[in-house]
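# Descriptive structure summary
The primary structure of each chain is shown beneath.
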Amino acid sequence: MAKTIKTKKRPNKKKKKLYADERIKIILGITTIFIAAFLTLAFISYFFTWKVDQSFQFSKVVSPAEVSVENWSGKAGAHFANLFINKWFGIASFTFPFLFVVIGFRFFNLKIYSIRKSFKIAIIGTLILSVIFGYLFGNSNGYLGSGLGGGHGYIIAQWLNSLLGKIGTAFLLLVVFMAFIILSFKKSYDWIIKISTKLFKREYTEFDDHYEPNNDVKKQEEVILETQKEEPVDDNLVFTTKTVEKPTQVKIEPEQLVEKKPDSTASEEEEEGIELTIEEKHKEEKLNGKFKNYQLEDYDPTLELSHYELPPLDLLEDHGKDTNGEIDKDEIIANKNRIVETLANYKIQIDKIKATVGPTVTLYEIIPAPGVRISKIKNLEDDIALSLAALGIRIIAPIPGRGTIGIEVPNQKPEIVSMRSILESKVFSESKYELAIGLGKTISNDTYVIDLAKMPHLLVAGATGQGKSVGLNAIIASLLYKKHPAQLKFVMVDPKKVELTLYSKIEKHFLAKLPDSDESIITDTQKVVNTLNSLCVEMDQRYDLLKAAHVRNIKEYNAKFIERKLNPEKGHKYLPYIIVVVDEFADLIMTAGKEIEGPIARLAQLARAIGIHLIIATQRPSTNIITGVIKANFPARIAFRVSSMIDSRTILDSPGANQLIGRGDMLISTGDLVRLQCAFIDTPELDRITDYIGNQQSYPTAFMLPEYVSEGAEEIGDVDFSKRDPMFEDAARLVVRHQQGSTSLIQRKFSIGYNRAGRIIDQLEAANIVGPFEGSKARQVLFQDEYSLEQYLKDFLDNP
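Remember, predicted model here, so these are calculated numbers, not experimental data.

So, about the overall build of the chain. If you tally the helices and strands in the chain, you get 26 helices and 21 strands. Here the chain, with 800 residues, has 43% of them falling under the buried criterion. Nonlocal contacts in the chain, meaning residues at least 24 apart in sequence, comprise 67% of its contacts between residues at least 6 apart.

See the structure below:
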């Protein structure tokens, strides 16, 4: 009977920790910068002291103390300077100190240039410049021994001279040098074209669809060219211009030399002289064509918090370090024998068995003998659990895509999967997902990472104390370790008032809330209803932006906005992802019912494309809580241990969650059912993460959601316009200009409080400038342009 045991080798992190030590990096950085300064000083000194130091035997760096040199860097400096400048590459050797500077600054996390590109350019450039200087100067005058090109440059240049001659060598070196410059520096081609244009005096007086003036174009002036009669250079050649109706403003074609035909009329015109006026437009005047050389840099949404740093992994603990991770082979063999024995008691023969050891569960894959019915093995689930004396036995018959039957047996000594091990894994750190979430490890000890943007919503359920809240924290921590505050916002709903309060420290970085809300973590049921309806308003507004931009989803929209293809003056803006986290959904349904389920269902159905994603958790997975509408719009579901098979079917549409062992053991359904051990992150770790983020520079306020007034809100009363707000007229112009009657717009643009902005909106409604409140829809603006508004305000303010 065959037996295969798969083990996973623990990676050796000693080398990684060595380079992660900041002290080592600082020492290496200082050392490389010192080497760069030492070589630079030695090279510069060599130009002044090489003749005096000729008597020094450069091969003997270690010599008696009484032997002295004049080089500023001592004997070692004299030796290396002679080696690099005289024998090797001449003055091109100064590229080597530059390389050390680039490497040294990288140790201090300062990138002045790419190391790989620096090496490529420096090495190739050194060889080419050495030959060029060797060709130009050689050592005919004995300067610096082998000349400015060094020994390498001199020898190669002499060989090329003998092979191609001096003219051929010069042409070859010019071509090689130009090719090196063009291939190494992106802007060099445009610079060469610019210089060539100036040399050949090419003049452009009109712009095509792709021409664009350079940034350094000076203010253009009117140029008046007067062509007067002079002695002709050649009787058979004249300059011609294009005839136009107005002689004072003419369009001149590029000057061409044409052959002159004997004509008396031409001679008369030459005697009279023609005065030509060229009027060139100011560089700031708008051009109809697109620009050729000038291009705006891409918009950077992180620029406002450009110094923000992602949390380091050192804030997390490695909870699994206390376990040695070794496989208990005796336990595996004993379980295998019991499984085989139990099946044999029921006359079920198997051909092969294989064990895959995971953090908390070992999967035994068996291949039954021909003729054995799968259902017969499936019915023995309780008997196998009895023989193994273990809880949480689960039989997968068959395992999809493998053609085997799986029996999952809990380990006697389960291993803790730390959040740090997930975040520092290659799978997570190199993930290109939009919203990467590291959930934990599979039975085969593989890190499991999913993309929330593709899920697009997540339903989490499980009994109390089985790891549900830890799972939510693991999801949130994954996103905090991947995203900048400009790219992601959270709306956190915590009816229990104690689970998500830690995240209030990062309110101004990552949280979103209603304009009139004092607390960033929403605990009041009515505020939850208002917030969810406000998110529906935000969703509708975002869809309007996508429609105007002719794109289908938030990823395409943001890409277009970053490339500056969308005009902010037309209401376009960078859209961050919004993640709605609800910790106890059952409590909300019990207290608010349809008021909660309605906007939740609408967001779940429509909000995927515009970057609003829902994560809903509950400890009561009953059918009156997780309704058919909710399940239909939440294809991705996570189930921790539950008490009954009915609850498991309610969450996953299949049994299995009732057979989990708890403490983070979970099943995730995204089409296929996968068993995971959820990553563990403790409260002190979350404290350190939120403190680290909260202590950095933040936005002035939290991200403000659109205003929402419930249907039961009181109607606006009479407004005394004699006591109207001083900003009334400016606010009227603002809402007409943006065609958006919003309290949050006025609050944001004028930097005023929500209550004052609300009173201004009431006054605008009473003045019939904006329409009444229409639930989740934005207020209608009753004026289409500012001109008609100004006429109305003039009459209205005179007779309010």
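Before going further, it helps to examine the nonpolar core. Leu-439, Phe-490 and Ile-596 are the most contacted members of the largest nonpolar core, which has 102 residues in total. With 9 residues, the top contributor of residues to this core is helix α16 (residues 525–549). In this structure Ile-596 touches Val-528, Val-529, Leu-532, Phe-585, Leu-588 and Ile-589, once residues within four positions along its chain are discounted.

Turning our attention to unusual backbone geometry. Geometrically, the link from Met-455 to Pro-456 is a cis peptide bond, its omega value of -10° lying close to zero. Phi is positive for Arg-564, which is not a glycine, with a value near 60°. With respect to the element layout, Arg-564 can be found in the loop between α17 (554–562) and β16 (577–582). With a relative accessible area of 43%, Arg-564 lands in the partly exposed category.

Contact geometry for helix α24 (residues 743–750) and helix α25 (residues 754–766): axes closest at 8 Å, N-to-C directions at 125°. Looking at the two axes, α24 sits oblique to α25. Considering the relative orientation of α24 and α25, their crossing is right-handed. Residues Thr-743, Ile-746 and Gln-747 of α24 form the contact with α25, whose participating residues are Tyr-754, Ala-757, Gly-758, Ile-760, Ile-761 and Leu-764. Each residue belonging to the contact of α24 with α25 can be placed in one class, and the counts come to 6 nonpolar, 3 polar and no charged.

Time to look at the packing of aromatic side chains. Inspection of every chain in the model, using the stated rule, returns 11 aromatic pairs. For the pair Tyr-308 and Phe-510, a centre-to-centre distance of 6.3 Å together with 70° between the ring planes defines the contact as edge-to-face. Highlighted residues: Tyr-308 in the loop between β5 (274–278) and α9 (329–345) and Phe-510 in helix α15 (residues 507–510), separated in sequence by 202 residues. Exposure remark for Tyr-308: the relative accessible area of 10% places this residue in the buried category. With a centroid separation of 5.0 Å and 50° between ring planes, the pair formed by Phe-783 and Tyr-792 is classed as tilted.

Time to look at the pairing of strand β12 (residues 458–461). In β12, alternate side chains face the same way, and those of Leu-458 and Val-460 on one face and Leu-459 and Ala-461 on the other are all buried. Both β12 and strand β17 (residues 612–618) contribute to a ladder of 4 bridges, which runs parallel. Looking across to β17, one finds that Leu-458 is bridged to Ile-615. Relative to strand β18 (residues 636–639), β12 is paired through 4 bridges, and the arrangement is parallel. Among the inter-strand pairings, Leu-458 is bridged to a residue of β18, identified as Ala-636.

Right, let's talk about the sheet that holds β18 for a bit. Across the sheet, 10 strands lie side by side as β11-β10-β20-β19-β18-β12-β17-β16-β13-β15; this open sheet has mixed pairing. The strands lining the two open edges of the sheet, one partner per strand, are β11 (447–451) and β15 (521–522). One ladder, built from 6 bridges, connects strand β13 (residues 488–493) with β16; its direction is parallel. Residue Leu-488 lies in a different strand from β16, and its bridge partner there is Tyr-577. In this fold α16 packs onto β13, β15, β16 and β17, with an angle of close to 155° to the strand it touches most, β16.

Looking at the element boundaries, Asp-583 is found in the loop between β16 and α18 (585–592). If we skip the residues at most four places from it in the chain, Asp-583 touches Ser-469, Leu-472, Val-493, Asp-494, Lys-496, Glu-499, Leu-500, Ala-617 and Thr-618.

Looking now at the packing of helix α4 (residues 95–107) against helix α5 (residues 115–136). In the contact formed by α4 and α5, the axes pass within 10 Å of each other and the chain directions differ by 175°. In terms of orientation, α4 lies roughly antiparallel with respect to α5. For the pair formed by α4 and α5, the contact residues are Thr-95, Phe-96, Phe-98, Leu-99, Val-102, Ile-103 and Arg-106 on the first element and Ile-115, Ser-118, Phe-119, Ala-122 and Thr-126 on the second. By residue class, the composition of the contact of α4 with α5 is 8 nonpolar, 3 polar and 1 charged.

Bringing the pattern of salt bridges into the picture now. Using the criterion set out here, one finds 25 salt bridges in the structure. Note that Asp-665 and Arg-675 form a salt bridge whose closest N and O atoms lie 2.5 Å from each other. Within this pair, whereas Asp-665 is found in strand β19 (residues 665–669), its partner Arg-675 is found in strand β20 (residues 673–678), the two being separated by 10 residues in sequence. By the burial criterion, Asp-665 is buried, and Arg-675 matches it.

Attention shifts here to α25. When the terminal C-alpha atoms of α25 are compared, their 18 Å separation across 13 residues agrees well with the 18 Å that a helix rising 1.5 Å per residue should span. By the burial criterion, the buried members of α25 are Tyr-754, Ala-757, Gly-758, Ile-760, Ile-761, Gln-763, Leu-764 and Glu-765. Looking at the buried positions of α25, the neighbouring elements they touch are α23 (728–738) and α24. A positive phi of about 60° marks Asn-768, the residue just after α25.

What counts, and at which threshold
- Residues numbered from 1 in each chain as written.
- Predicted model: local features only at pLDDT ≥ 70, side-chain atom pairs only at ≥ 80, totals over all residues.
- Heavy atoms only, no water.
- Helix = DSSP H or I, 4+ residues; strand = E, 2+ residues; numbered from the N terminus.
- Buried < 20%, exposed > 50% of the residue type's maximum accessible area, 1.4 Å probe, protein only.
- Contact = heavy atoms within 4.5 Å.
- Core = buried A, V, L, I, M, F, W, Y, C linked by side-chain atoms within 4.5 Å.
- Axes fitted to C-alpha atoms, helices over the stretch in contact; angles between N-to-C directions.
- Parallel < 35°, antiparallel > 145°, perpendicular 65-115°, else oblique.
- Left-handed = near helix turned anticlockwise from the far one by under 90°.
- Nonpolar A, V, L, I, M, F, W, Y, C, P; charged D, E, K, R; others polar.
- Phe/Tyr/Trp six-rings, centres within 6.5 Å; stacked < 30°, edge-to-face > 60°.
- Pairing = 2+ DSSP bridges.
- Salt bridge = Lys/Arg side-chain N within 4 Å of Asp/Glu carboxyl O.
- Expected span 1.5 Å × (residues − 1).

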